[in-house]
Amino acid sequence: MMAREYETVIGLEVHVELATKSKIFCGCSTEFGGAPNTHTCPVCTGMPGSLPVLNKQVVEYAMAMGFSTHCQINQNCKFDRKNYFYPDNPQNYQISQFYLPICYDGWIEIETKEGRKKIRIHEMHMEEDSGKLLHNEWEDFSLVDYNRSGVPLMEIVSEPDMRSSEEVINYLDRLRMLAQYLGVSDCKLQEGSMRVDVNLSVREKKRKIFGTRTEMKNLNSFKAIARAIAGERERQIDLLERGRQVVQETRRWDDMKEYSYAMRFKEDTKDYRYFPDPDLPSVMISDEWMESIRASLPELQPEKQARYERDFRLPTYDAAIITASKHLADLFEQTVALGGNPKKVSNWLMVETLRLLKKHGEEPEQIRFSPEHLAKLITVAEQGSVNNRIAKEVFEKMYEEDVDPEVYVKEHELTSVHDASVLKEVVKQVLENNFKVVEEYRNGKAKVFCFLVGQVMKEMQGKANPTMVGELLRKMI
Amino acid sequence: MVNKITDEIIDYVGNLAKLKISDDEKEQTRKDMQTIMDYIDILNELDTRKVEPMFYIFPVHNVFREDVITNGDDKAHMLANAPKQKDGQYQVPKTVE
Amino acid sequence: MDLMTLTAVQLSSKIKAGEIKVMDAVDAALAVIKEREKEINAFITVDETGAMHRAREVQRLIDIGELSSPLVGVPIAVKDNICTKGLKTTCASKILYDFVPTYNAEAVANLEKAGMIIIGKTNMDEFAMGNTTETSYFGVTRNPRNVGHVPGGSSGGSCAAVAANEVPCALGSDTGGSIRQPSSFCGVTGMKPTYGTVSRYGLIAYASSLDQIGPVGKDVTDCAALLQVIASYDSKDSTSVRLKDYDFMSALKNNCAGMKIGIPCEYFGERLNPEVKEKIWVVVELLRENGAKVEEFDLGMLEYVIPAYYVIASAEASSNLQRFDGVKYGYRTKDDMGVHDMYKSSRSEGFGSEVKRRIMLGSFVLSSGYYDAYYLKALRTKALIKKAFDIAFAKYDLILSPVAATTAPKLGESLSDPLQMYLGDIYTVSVNLSGLPGITIPCGIDSAKLPVGIQMIGNCFSEKTLLQAAYTYECIRNVEGKGRT
Ligand SMILES: [Mg+2]
Ligand SMILES: [Zn+2]
């Protein structure tokens, strides 16, 4: 039993990769993947004499993020150099914003079991990503690939306002949703387009001062984040309970071993010698520019949810779930636009789609089927040419391979048989083969009727319209 | 202002700048730096409390490029000067923590 | 006819007139280089084959009428901190001993567009840090006027090459006087343009906020012509400035009547060698006689320019030079145990002592706890220096001053005391701190037969005024025979 009660205090540093086509300071592609160093030039490999030129889109994306998180905008901001030596950083300085970040003092509202809460944002700034280091365990060298070097990032620094992993994940979900809605980032944790560093400390409840915090890196899924928070909280409490001190340090979370390890940067002093980059003139953001960005902000989740409830008459629950993902919402609207009944479309997304996503451990962004195919499937099912069970079967195929439901149904002869003479023959046969059951039914045992329907469907290999079968049975018994 | 450049400062700065200062060089480095820093202290004669630091010589702002991909694969050129390379990458001593 | 005694513009005229071929000019330059280099060592790299090849190509383009600029066909030398595609660019440092850029500096691209022929890359102080060209990894350059003396620096190789008639003109770079001071010591004409006039793309940075590429030539006309070639707006350099007018040669008018010239008194204090002072005073008098309104005034701030400059330049340099680490290009230590040891050894073995001194100084003034006290303080001082010039240029079209307190010192005299060496830049650094254009014109020879130069400083973007004044003085000097080198 724990003698004292502890509170976890968490602040986050989130790096989000901005969805520009080209890098922040040069005309190289930001495309993910690609053979090592194929997306590089003198600027992003730190060649002598090369100079950076700022990508305007980065500033506009940053402003959009700022507006949607209620931030203040530094209308005169500039870039600073963060000086440190590491091979993934070709200039041995990172161009970032230290003295005057573009956005500051904002907040994001989260909602958990305990209700709504504002998580304050300390600042958001623009910076460049570093390259990638690759190492083989059995070799005594590392290799550097600068394809990611110079990809634009936005670093979002929260205040230490979170108290549980539930709050943290809610905050990250909100942030990701915002970025996706704005189109500024796809925020894929697995691909590293969203990276989370967790600053965590514990303190005895009711205490005012914060404890010593550690920073955890290498968290590449929400599950890992939750586990890391639990693990690090436990580790720190254990230290305190044993009368030891928490050391302020950077730790690397090992999700397999469910433990964090202190990262040893040999000789690292963390004195970054920040100073304004003399190669980059400052950015002056006029009121007009701010207004034009503000005016071009897309509809965000709360408005979209309200519109779905109003215009499509979706229940609040459905509207909330579908709009939680920009991807799902886009798919919904596109399918409805193709003639799908909104409630039916919503049902397919809410039930079958989410079930399959969960089953495959995938995110809505990974959905492969097109709105056209979903609309077709709904039509096919509505017209009764396939029954519900088959429709689900086809949908599963569609989910996996984006098959055309019409073609698929035809090719696999899944169309329900509407020919009454064929059905009649089968019903007749079933009644004959199950005369005892028919007796029971006639004697008032209504339950067995389902069994009979089932038998007919089985004979028909599912390709019959259950309503029609029911009608025929009743007529013929 | 620092009045005294110590050996510790030299070690610390040498580490930041990734320069090896051997014991033979250290004394001379320390002395040179001391002389220069003492001289730089003349700046304290100036009252600059009401003066903004001049980061840029001209009031030029908002120099941007449009978000367009202008570079293709130039890997061969980028690696042409690498002292050590392997599989299209720059080779460095192992960096794992 | 000795082609190499001609100015660049004269040489180009002969080429365009068909009197000589581009190959003749290149041959002549290579011949002088062959003869003088052993003694002078102005070049780190001479590109004989490349230059001859290029000469034939340019001649062909002239023949078919595609090239006709004022400097077409002229051989030129380029300082070795300016990137030349396919031609070794070392910054006179061991750390870049084998670096071959795969891209051209924008200024070099402009030379090529104008049909000029790059003969080779000139020696300099390592990473442009120095004012004697003695800190080069590739040995010292000697002053062609007196080989026992330094040529000045850091563009000592470029200025010596022009002074020795190895090339008619050259490119230098100027961060704190690196074109103007060696021009003075070698008796050539050199100009530092307004910050932003010539693209810095491909200039290997020493101090980004102060660096400018500029022309070195035999006379003011060549400087104007070469500036016209290299000045351009470049979208690859965010600090590049688009000018309304690039026609610098149109400023070459022999007329200084009514020009208001300020003489900053403190620049003529006791620090200044009397012989140098006397030569400069002759210029002042000549301009006055020819209608200029000359006035002495207090510019102020002189004692603060050196500390402000060395804090700012070293801070920027410490960061700019971090990329030299043995990973992507250049020298890498043989002893590479861990990555941080590799960095330390490569850099310690690759950089010379003056470069290391400035990296240390710059890293120190930016380090935690000192940024405000040193770096910001220096930037505030810079604002005051700039303000002093703004006030002066509200009254004057031009400021005249010495370039250096003395003529070229003897080889080996300067490096022992870094502070004294830094103080050598006292008359030139404020021009860089304020972004101003400045030009050095030869104005005499001292008793040791060493050239004396005068510095003319103009307001930002007033290159044409500056060139007109310099050209006028040059005309007077040539007529009067006074102050001729
Ligand atoms: Mg960061
Ligand atoms: Zn690039």
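These numbers were taken from a predicted model, which means no experiment stands behind them.

> Help me understand the coordination of the magnesium ion (ligand 1), please; the structure alone is not making it clear to me.
Geometry sets the ideal angles at a metal, namely 109.5 degrees for four tetrahedral donors and 90 or 180 degrees for six octahedral donors. All names here are of chain A. Within the protein, the atoms that donate to the magnesium ion (ligand 1) are Glu127 (OE), Glu127 (OE) and Glu155 (OE), at distances of 1.9 to 2.7 Å. Here Glu127 is found in strand S8 (residues 115–128), whereas its partner Glu155 is found in strand S11 (residues 152–158), with 28 residues between them in sequence. Accessibility expressed as a relative area gives 3% for Glu127, which makes it buried. Assessed through its relative accessible area of 10%, Glu155 is described here as buried.

> What should I look at first to understand the sheet that holds strand S5 (residues 80–83) of chain A in this one?
As a general point, the strands of a sheet are linked pairwise by backbone hydrogen bonds and lie either parallel or antiparallel. Residues and elements named next belong to chain A. As summarised here, the arrangement of the 3 strands in space is S6-S5-S16, forming an open sheet in which the pairing is antiparallel. Of all the strands in the sheet, just strand S6 (93–96) and strand S16 (275–276) have a single pairing partner and so form its edges. Bridging between S5 and S6 involves 4 bridges; their strand directions are antiparallel. In the sheet register, Asn83 faces S6, and the bridge partner there is Tyr93.

> Looking at this structure, I do not really get the side chain of C:Thr141. What am I missing?
Residue and element names in this part refer to chain C. Summarising the element assignment, Thr141 is placed in the loop between strand S3 (117–122) and helix H5 (156–163). For Thr141, the side chain forms a polar contact with the main-chain oxygen of Asn41, separated by 2.7 Å. Polar contacts involving the side chain of Thr141 include one to the side chain of Asn123, which spans 3.0 Å. Excluding residues that lie within four positions of it along the chain, Thr141 makes contacts with Ile40, Asn41, Ala42, Asn123, Thr133, Val150, Pro151, Gly156, Gly157, Ala160 and Leu411.

> Teacher, can you tell me more about the interface of chain C and chain B here?
Note: interface size is frequently given as the accessible area lost on complex formation between the parts. Taken together, the contact pairs 67 residues of chain C with 52 residues of chain B. Between chain C and chain B the total buried area reaches about 5,100 Å² when both faces are included, carbon and sulfur atoms providing 72% of it. On inspection of chain C and its partner chain B, the count reaches 1 salt bridge. Here C:Arg357 ties to B:Asp32 by a salt bridge, and the two come within 3.2 Å at their closest N and O atoms. Linking chain C with chain B are 14 residue pairs in polar contact (both at pLDDT 80 or more), by the criterion used here. Counting residues per element, the ones that place at least two in the side of chain C that touches chain B are helix H9 (302–320), helix H10 (339–350), helix H11 (353–366), helix H12 (371–395) and helix H13 (418–423) of chain C. At 13 residues, H12(C) tops the list of elements feeding residues into the side of chain C that touches chain B. Looking at side-chain class alone, the side of chain C that touches chain B contains 38 nonpolar, 15 polar and 14 charged residues.

> Explanation requested: the domain arrangement of chain A in the structure shown.
Residues and elements named next belong to chain A. In terms of domains, chain A is made up of domain 1 (6–288), domain 2 (299–411) and domain 3 (420–476). Counting from both sides, the interface comprises 4 residues of domain 2 and, opposite them, 6 residues of domain 3. Note on domain 2 versus domain 3: buried area summed over both sides is about 250 Å², and carbon and sulfur give 48% of it. Where domain 2 meets domain 3, there are 0 salt bridges. Across the contact surface, domain 2 and domain 3 share 0 residue pairs in polar contact (both at pLDDT 80 or more). The residue inventory of the side of domain 2 that touches domain 3, partitioned by class, reads 1 nonpolar, 2 polar and 1 charged.

> Sorry, what's going on with the interface of chain C and chain A here?
With 40 residues of chain C at the contact, the number on the chain A side is 34 residues. Where chain C abuts chain A, roughly 3,000 Å² becomes buried across the two surfaces, and 55% of that area is made up of carbon and sulfur atoms. For chain C, the biggest contributors to the area lost against chain A are C:Ser238, C:Gln322 and C:Arg323; these three give 22% of the whole. In this assembly, chain C and chain A are joined by 1 salt bridge. Counting across the chain C and chain A interface gives 19 residue pairs in polar contact (both at pLDDT 80 or more). Among the secondary structure elements, those contributing two or more residues to the side of chain C that touches chain A are H9, H10, H11 and H12 of chain C. Tallying contributions element by element places H10(C) first for the side of chain C that touches chain A, with 6 residues. Across the side of chain C that touches chain A, the residue classes tally to 17 nonpolar, 13 polar and 10 charged.

Quick notes on the rules
- Residues numbered from 1 in each chain as written.
- Chains lettered and ligands numbered in written order.
- Predicted model: local features only at pLDDT ≥ 70, side-chain atom pairs only at ≥ 80, totals over all residues.
- Heavy atoms only, no water.
- Donors = N, O, S within 2.8 Å, 3.2 Å for Na, K, Ca; no water.
- Helix = DSSP H or I, 4+ residues; strand = E, 2+ residues; numbered from the N terminus.
- Buried < 20%, exposed > 50% of the residue type's maximum accessible area, 1.4 Å probe, protein only.
- Pairing = 2+ DSSP bridges.
- Polar contact = N/O pair within 3.5 Å; in protein donor to acceptor, adjacent residues only side chain to side chain.
- Contact = heavy atoms within 4.5 Å.
- Buried area = accessible area lost by both parts, 1.4 Å probe.
- Salt bridge = Lys/Arg side-chain N within 4 Å of Asp/Glu carboxyl O.
- Nonpolar A, V, L, I, M, F, W, Y, C, P; charged D, E, K, R; others polar.
- Domains from an automatic or database assignment.

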